[in-house]
Amino acid sequence: MSAAPPAALPQARWRAPASGLSATLAPIVVIAVAAMLLQWRFGLLGDVSWLITVDEKWLDGATPYRDIIEINPPASLMLYGPAVALARVLGVAPEFTVAAFGFLSIAAGLGLAAAILARAGLIDRLGALGASVALVAFAVLPGQSFDERDHLAAVYGLPFLAVAAARAARAPVDLRLALLAGLGAGLMGVIKPPYALVALILLPYLVRRAGIVPLLKAVEYYVAAAFGLAYVAAVPHAFPDYVANILPIGLDLYAPIREPIASLLAAPGPLLAFVFVVCALRLARNDSAEPLVAIPALAGLGALAAYLVQGKGWLYQAYPALAFFSLAAGAALARAPQPRLRVALGALVFLAAGLGLVALGRWPLPLAFLAAGIGAALAWGLEGRKGAAPIAEMGVAAALGAACGLFAMDGIETPAIARALASLGPHPTVASLSESLAFGHPMVRRIGGVWAQSVPSLWITAAARRRIDENPGDPALAERMRVYIDADRDRLVADLERNRPDALLVGRLDTRFHQWAWSDPEIAAARADYRLYASETDTGFPAELWVRADLLGLRPTLPDREVGKP
């Protein structure tokens, strides 16, 4: 089915706010500055910190997937590799160059998308309000997941969505921009293959709006597919150890571990995404099929499907869905000019929902509903009670604020352990007797430590033990999992004996995993000359720091409240 020609599309229903350049740029500058300050405050997530460590060891001559074990495919290493290498050339911390790389990626993704929409004559429909929502979604919303692979994958997919919107509107598309958009979509799928669903889910809508023949000529799909196939073909040759050593672990151990679908959908991320969808439908009313609303909404649906495919339920994996759905809601919100008072109240609602969640640490949806309700009531009253209360408008602001607060909440924090580790002197070498990657990363890098272990944590053992627990009547699976457990233990023992790290991170203490790890005779022998140096009891992650006995007399003494009994 072919769509109506451009002149017949309901473009007159979209009204861009009549504002000058300064009025458009002012909120964008404020949001950009806020994003940089927040990144300075949060730093990088544990996964990103660990991948920086992997890239550093790779640059030092280690062989990825053999000398250092990482479950993610080579695209994850190559994503941050150039920024880590540049840090060495410049003599700065790689965290700085990786963060700068993230901001440059955002600028490139949003800038290219804006250029595509401008060429198509669609950019004015978004106005300052739509642009502000987009910038918040990609620069502020990620919070502590800034620069995470899912964040960057969504950023690189933005130009592709812009091209799709232009094609759905049967508007002009510059070939060079379409080629770049295709590369971005290919990169999105290479970083996380499930995100190919974002591009695929758009196809029925594009066929309906633009027709099958124009879609067959859409070069961005061919470029994205070619990029992905080239990557798949290159990996076995460039990274044979990944195929031989890691891919079997991923298929047999990592991929089968999933949370129930109901639990995945009931998590705060998907629930906030649902709020965006409801608000967008309410704001768009009969125009929900408009490209600038429908394309990001469908992309959000594809990203939500990717979240379910991954099945782990980690918050950052819900980020692309939240970001794309917020784009759809922002585009629907920008359909008509919003009174300045309403925009100001929306900003306050955004801040109240976000800061309230950070302060309380719970109730993201109730806080969003409360903030939206109060904001809508105030706006309705101050605007003379004309028409309906702007509940959907305030709902977008509250949902976006709550989402930002959700991603700003702290993960594992062990300040006493960090202080004790820093007291060991410059660049202590560290290993971990823990199932949690987030215990050691990014803490060790923050205090200037050096990771002295070939894995980020004993996650392989933890995953294997979980699979055994979830399948109690399968002795064959249990035997297969014990091979992974034994190999992980042997790797830990070899790391301790070969590298002799200055300190061991031990925790979380109140788990069955800790009981197993602490009682294993081979691990006990390898850690025999370590002594308890500090304990973490004031947070939700009880942990300990153990230090080699020969170092105890050479290091400063900690306050009694932080030093454990040897």
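Before reading on, note that the structure itself is shown above.
Calculation criteria
Residues numbered from 1 in each chain as written. Predicted model: local features only at pLDDT ≥ 70, side-chain atom pairs only at ≥ 80, totals over all residues. Heavy atoms only, no water. Helix = DSSP H or I, 4+ residues; strand = E, 2+ residues; numbered from the N terminus. Buried < 20%, exposed > 50% of the residue type's maximum accessible area, 1.4 Å probe, protein only. Contact = heavy atoms within 4.5 Å. Areas by Shrake-Rupley, 256 points an atom, 1.4 Å probe, with all protein chains shown as cover. Axes fitted to C-alpha atoms, helices over the stretch in contact; angles between N-to-C directions. Parallel < 35°, antiparallel > 145°, perpendicular 65-115°, else oblique. Nonpolar A, V, L, I, M, F, W, Y, C, P; charged D, E, K, R; others polar. Pairing = 2+ DSSP bridges. Core = buried A, V, L, I, M, F, W, Y, C linked by side-chain atoms within 4.5 Å.

Colleague: Teacher, can you tell me more about the overall build of the protein here?
Modeller: Of regular secondary structure, the protein possesses 26 helices and five strands. Each principal axis of the C-alpha distribution contributes one length, and for the protein these read about 80 × 55 × 55 Å. The buried share of the protein, taken over its 566 residues, is 54%. A sequence separation of at least 24 residues applies to 78% of the contacts in the protein between residues at least 6 apart. Surface accessibility of the protein: about 24,200 Å² in total, with carbon and sulfur atoms responsible for 67%.

Colleague: Looking at this structure, I do not really get the packing of helix H4 (residues 94-119) against helix H6 (residues 149-168). What am I missing?
Modeller: Between two packed helices, the angle of one axis relative to the other and the distance separating the axes together describe the packing. Taken N-terminus to C-terminus, the directions of H4 and H6 make an angle of 5°; their axes are 8 Å apart at the nearest point. On the basis of the axis angle, H4 is roughly parallel to H6. Across the interface between the two elements, Phe101, Gly102, Ser105, Ile106, Gly109, Leu110, Leu112, Ala113, Ile116 and Leu117 from H4 touch His151, Leu152, Val155, Tyr156, Leu158, Pro159, Ala162, Val163 and Ala165 from H6. Residue composition of the contact of H4 with H6, by class: 15 nonpolar, four polar and no charged.

Colleague: Is there a simple way to explain the pairing of strand E3 (residues 503-507) in this structure?
Modeller: Of all five residues in E3, five are buried; the element is thus mostly enclosed. By the alternation rule, side chains of E3 split into Ala503, Leu505 and Gly507 and Leu504 and Val506, which are all buried. In this sheet, E3 lies alongside strand E1 (residues 429-433) in parallel orientation, the contact comprising four bridges. Along E3, the bridge assignment pairs Leu433 with Val506. With five bridges connecting them, E3 and strand E5 (residues 543-548) associate as antiparallel partners. Residue Leu505 lies in a different strand from E5, and its bridge partner there is Leu545.

Colleague: Just checking my understanding: could you explain the environment of Gly311 for this structure?
Modeller: Position of Gly311 among the secondary structure elements: in the loop between helix H15 (291-310) and helix H16 (319-333). Expressed as a C-alpha distance, the spacing of Gly311 and Ala218, which sit 93 residues apart in the sequence, is 32 Å. Sequence-distant contacts of Gly311, defined by excluding residues within four places in its chain, comprise Ile257, Arg258, Glu259 and Leu264.

Colleague: Please clarify how the nonpolar core should be interpreted in this entry.
Modeller: Proteins that are soluble and globular tend to have nonpolar side chains buried together. Ranked by internal contacts, the top residues of the largest apolar core, which has 177 residues, are Phe138, Leu206, Phe324, Leu421, Leu505 and Leu545. Ranked by the residues each element gives to this core, the list is headed by H6, at 14 residues. Every residue in contact with Phe324, bar those within four places of it in the chain, is listed here: Phe138, Ala154, Leu161, Val198, Pro296, Ala297, Ala299, Gly300 and Ala303.

Purely geometric numbers; function is a separate question.
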